[in-house]
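# Inside the fold
Each chain, written out:
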Amino acid sequence: MTAVRTPPVPPAAPAVPAPPSQRLAAGARLTSLNLRSRRVPTALLALFLCAGALRAVQHWHLMNGGVLAQQGPMVIEAGAAAMVAMTTHSPFGEAERATGRWLPYLRLASALALTGIAIGALQLGVTGTSLPGGVLLLARNVIGVTGIGLLAALFTGGLLAWIGPIGYLGLAEYALNEAWRNPWTWPARPPADRGAWICAAIVFAAGLTAVTLRGPRTSLSD
Amino acid sequence: MTAVALTQRTARFRPARALRLEIKHNPGVWVLPLLAAVFYFNAFRTAAGYPPTWTLRAAVITGPNLIFFTVIAAGISAWVATREGRRKTGDLLATTARAAWPRQLTVLAATVFWMVLAYLAGVAVIYGMTAFQATWGGPPWWPVAAGAVGVAAACAVGFTCGTLLPGRFTAPVVAVAVFAAWFIGVNAANSVWDVPNASSARGSPALLVATNGGRPQDVAVGVFYHAAPDVSIAQVMFMGGVLLVMVALPALLPAARVGGARRSSFAARRRWLTVVAAVGIAAGVAASATAFSLAGTARLSAVTGWGIPALHDAADDQPIPYTPDCAGGAFAVCAHPAFAPYLGAISAALQPAVAEVVGLPGVPARAEMTTGDTLPAVAGTTSVYQYSPKLEGVGGESFWVTPAMARAAAWEQGTQQDFITWFVSGPSAQEAPGPTPAQEAVAIALLAKLGAPVPPGYPQFSQPASQSGSSGMSSGSATQPTATAAQITAAATSFQSLSSAARHSWLAANIVGLRSGAVTLAMIP
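Think of each chain on its own: its residues are numbered from 1, step by step along the sequence as written. Following the order in which they are written, the chains are lettered starting with A and the ligands numbered starting with 1. Local features in this predicted model are restricted to residues whose pLDDT is 70 or higher, and side-chain atom pairs enter the listing and the counts only when it is 80 or higher, whereas totals over whole chains, interfaces and linings include all residues.

### A look at the overall build of chain A
- When you go through chain A residue by residue, the secondary structure sums to eight helices and zero strands.
- Based on C-alpha atoms, the radius of gyration is set beside the globule rule, defined as 2.2 Å times the residue count to the power 0.38. Here the C-alpha radius of gyration of chain A, 22 Å, is well above what a compact globule of 222 residues would show, namely 17 Å.
- In terms of overall dimensions, chain A has C-alpha extents of about 90 × 35 × 30 Å along its principal axes.
- Of all 222 residues assigned to chain A, the portion counted as buried reaches 45%.
- By definition, residue pairs are in contact when their C-beta atoms, positioned from the backbone, come within 7 Å. The long-range fraction of contacts in chain A, counting pairs at least 24 apart against all pairs at least 6 apart in sequence, stands at 75%. In this description a helix means any DSSP run of H or I spanning at least four residues, a strand means any run of E spanning at least two, and both kinds are numbered starting from the N terminus. Field definition: a residue is buried when 20 or more other C-beta atoms are found within 10 Å of its C-beta, exposed when 12 or fewer are, and partly exposed for counts in between, with C-beta atoms placed from the backbone.

In structure tokens form, the structure reads like this:
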């Protein structure tokens with residue numbers, strides 16, 4: 001073995017901060033890539049399809065009469081909430097978690113924005129029709145069930161997060177049939193019921209916080 | 001073992017082993033707790049709240065229970081179908097010697113296994129509970145078959161959707177679509193059932209779906225007459241057809257060959273598979289279309305429910321022979337053995353009521369349960385007090401409660417209100433205005449002696465303003481002037497204040513006139 005003289009390493013150049021315009025462009029690109037990797041554009045399409053379905057249900061009276069008038073729209077609202085929860089899934093998993101320091105903020109913003117868009121789209125879909133409970137009930141259902149979906153994502157992963165909203169739907173439909181008064185079954189409560197709003201908001205806040213801080217469960221098999 | 005022998009052994013297709021492996025690794029097992037929770041809240045609690053008769057309890061398993069099982073089965077099947085795309089094993093599997101369709105079919109079969117197993121476990125729980133509580137009859141099996149085929153069909157629908165559109169959102173979209181489709185069907189089914197009488201009911205394909213809540217119209221369904229299995233048979237045909245189409249469809253469509261296998265599927269080369277799939281689809285469409293049209297020809301019978309002429313067995317129209325269960329001594333109270341758990345409560349309610357009027361003209365010798373909408377014979381013309389589980393009297397008590405709830409004071413008082421009203425009212429109890437004010441006053445006084453309140457079915461007392469006793473005009477009758485609730489209450493109080501002997505002797509002298517409407521409120525002492 002012979003000794004090799006290694007040239008001296010030159011001192012690193014001092015880091016030059018990128019100009020604000022470049023940082024903004026990078027941020028926008030990062031956000032765009034994040035949203036696309038979560039299939040947010042497809043989710044938006046699905047949300048507007050839900051709004052269209054709700055419109056059709058109300059326009060043609062496909063589910064009316066008695067409790068069904070409330071149960072039917074709730075199915076579509078839960079579907080919209082499931083879409084929001086499913087956008088938490090990342091195809092990159094652990095590698096992205098280890099390197100992306102902006103991920104929690106992106107998760108928070110994405111979930112909040114999509115929930116708002118879901119409520120807006122569904123309300124837009126039923127404009128001019130008599131949705132039982134009105135926008136208050138619609139918003140509460142979407143908020144609460146989205147929270148359940150986000151919490152489910154912690155255990156099942158984002159791709160199976162729809163199981164939570166669908167499972168809660170089973171409970172809520174029974175609660176509506178039996179006219180339960182428990183605020184945790186908020187779909188069965190009046191639109192302005194304070195207890196139901198508190199419960200739905202707690203579930204949403206818990207789901208949002210958990211997904212923001214921890215992210216959905218990732219699995220190699222996903 | 002030589003290399004040749006090993007090759008020959010491994011080359012043999014062993015579907016049972018593949019199925020066993022798929023069952024072992026299928027995610028369907030992970031949704032079993034969720035299905036158990038949904039089953040408990042929807043099906044089990046609903047069934048537990050029904051009277052313990054087999055046909056009623058069986059209605060639950062094709063009602064809400066089937067809806068939730070199919071929704072989750074469709075969603076999880078769609079999820080399972082996207083597995084190869086999700087794990088990016090399409091190219092790898094495209095190089096295997098087997099066609100995509102049998103492989104996918106194995107995955108579907110494993111999912112169906114778990115979902116149907118869960119469904120049947122739920123049925124076993126409901127039927128097991130009923131077996132302990134029911135006192136007559138046996139389990140109907142056609143609804144079980146309809147439910148099992150329905151769950152399998154939902155799995156196939158979800159699986160085919162997941163195979164054709166392997167996306168992230170396929171599973172929830174399929175689940176929500178199946179849910180919405182059910183509710184649209186339920187909405188249509190509700191309108192079919194919403195008819196004033198059996199003669200005006202018309203068959204509809206909506207009969208293939210349960211009504212909202214799945215509750216039958218008649219509490220005595222399947223008790224006095226067989227519940228015709230025609231609709232369940234049509235359901236099996238319809239859902240079986242859907243199952244056949246959905247299983248065969250992926251074998252026909254090139255797009256159904258997942259991922260990288262699209263260019264080199266064996267399915268395209270194997271002509272026999274294509275032929276079998278085409279025949280399967282044709283048979284499935286024929287079965288579903290036939291069931292769909294058959295449901296449209298259904299006719300509603302007041303005693304056996306919906307019947308489809310092409311599937312109907314005339315033997316179902318004959319009443320089922322039975323020996324009534326009876327209780328009591330001098331005044332025997334009899335009930336159909338299916339309602340034997342209620343016999344104690346009925347007897348406990350009727351014995352003191354009969355004791356209050358014993359010795360008067362027209363006092364019945366026994367009470368018997370009757371079937372259907374037939375009105376009981378008028379008091380004074382019969383020695384039998386007939387009561388029907390289907391008809392709700394002025395007392396408002398109903399056989400839709402469980403036997404435990406029937407032992408409550410309110411239910412027994414309702415039974416007493418019905419009996420006393422029947423006894424003093426005569427024909428007017430069955431006519432439009434109802435009992436006359438005099439009859440109501442006497443009945444209220446007799447009921448007060450029994451500790452029972454004013455029947456909620458009396459028109460003067462059912463109006464909100466009459467709670468104070470100041471208003472609530474009687475609708476009157478042809479022979480009697482109108483009266484307010486207050487006037488009736490005053491007359492009842494006066495009559496109640498008489499001694500037992502005086503009251504009894506007045507009733508003995510005037511009960512016939514009271515029933516005929518000749519006695520007015522002013523004539524009551």
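We are not done yet, so read on.
### A short note on the pairing of strand E4 (residues 332-335) of chain B
All names here are of chain B.
- Of the two faces of E4, the one holding Val333 and Ala335 is buried and the one holding Ala332 and Cys334 is not buried anywhere.
- Summarising the sheet, strand E3 (residues 325-327) and E4 pair through three bridges and their orientation is antiparallel. Bridge assignment links Ala327 to a residue of E4, and that residue is Val333.
- Being paired, for any two strands, means DSSP has found at least two bridges between them. The turn joining E3 and E4, which pair antiparallel and follow one another in sequence, is formed by four residues; a positive phi near 95 degrees is taken by Gly328.
- By the bridge criterion, two bridges tie E4 to strand E5 (residues 366-369) in an arrangement that is parallel. Across the sheet, the residue bridging to Val333 is Ala367, located in E5.

### Here we look at the sheet that holds E5 of chain B
Residue and element names in this part refer to chain B.
- Strand order in the open sheet made by the four strands is E3-E4-E5-E6, with mixed pairing throughout. Of all the strands in the sheet, just E3 and strand E6 (384-387) have a single pairing partner and so form its edges. The average undirected angle you get between the axes of adjacent strands in this sheet is 20 degrees.
- In this fold helix H14 (residues 343-357) packs onto E3, E4 and E5, with an angle of close to 150 degrees to the strand it touches most, E4. Axis lines are fitted through C-alpha atoms, for helices just across the contact stretch, and the angle between N-to-C directions can take any value from 0 to 180 degrees.

### Points about the interface of chain A and chain B
- Listed by partner, the interface residues are 33 residues for chain A and 29 residues for chain B.
- The set of elements that each furnish at least two residues to the side of chain A that touches chain B consists of helix H2 (40-59), helix H3 (68-86) and helix H7 (163-178) of chain A.
- Among the elements that line the side of chain A that touches chain B, the one with the most residues is H3 of chain A, at nine residues.
- In this count, Pro and Cys sit with the nonpolar residues alongside Ala, Val, Leu, Ile, Met, Phe, Trp and Tyr, while Asp, Glu, Lys and Arg are called charged and the others, Gly among them, polar. Looking at the side of chain A that touches chain B residue by residue, the class counts come to 19 nonpolar, 12 polar and two charged.

### Regarding the domain arrangement of chain B
- Just so you know, the domain bounds were taken from an automatic or database domain assignment. As assigned here, chain B comprises domain 1 (15-317) and domain 2 (325-466 + 480-523).
- If you look at the interface, domain 1 of chain B gives 14 residues, while domain 2 of chain B gives 14 residues.

### Examining helix H13 (residues 271-296) of chain B
Residue and element names in this part refer to chain B.
- Here the expected length of a helix is defined as 1.5 Å per residue gap, with one fewer gap than residues. In a regular helix each residue adds 1.5 Å, so 26 residues correspond to 38 Å; H13 covers 38 Å between its end C-alpha atoms and thus fits that length.
- Here H13 has its buried residues at Ala277, Gly284, Ala287, Ser288, Ala291, Leu294 and Ala295.
- Packed against the buried residues of H13 are helix H11 (230-252).

### So, the environment of Pro104 of chain A
All names here are of chain A.
- With respect to the element layout, Pro104 can be found in helix H5 (residues 103-125).
- You can call Pro104 partly exposed: it has 14 C-beta atoms within 10 Å.
- Residues Pro104 and His59, 45 residues apart in the sequence, show an inter-C-alpha distance of 40 Å.
- Look past the residues within four positions of Pro104 in its chain and what remains in contact with it is Thr212 and Leu213.

### Overview of the pairing of E6 of chain B
All names here are of chain B.
- Of the two faces of E6, the one lined by Tyr385 and Tyr387 is fully buried and the one lined by Val384 and Gln386 carries no buried residue.
- In this sheet, E6 lies alongside E5 in parallel orientation, the contact comprising four bridges. The residue of E6 that forms the bridge with Ala367 is Tyr385.

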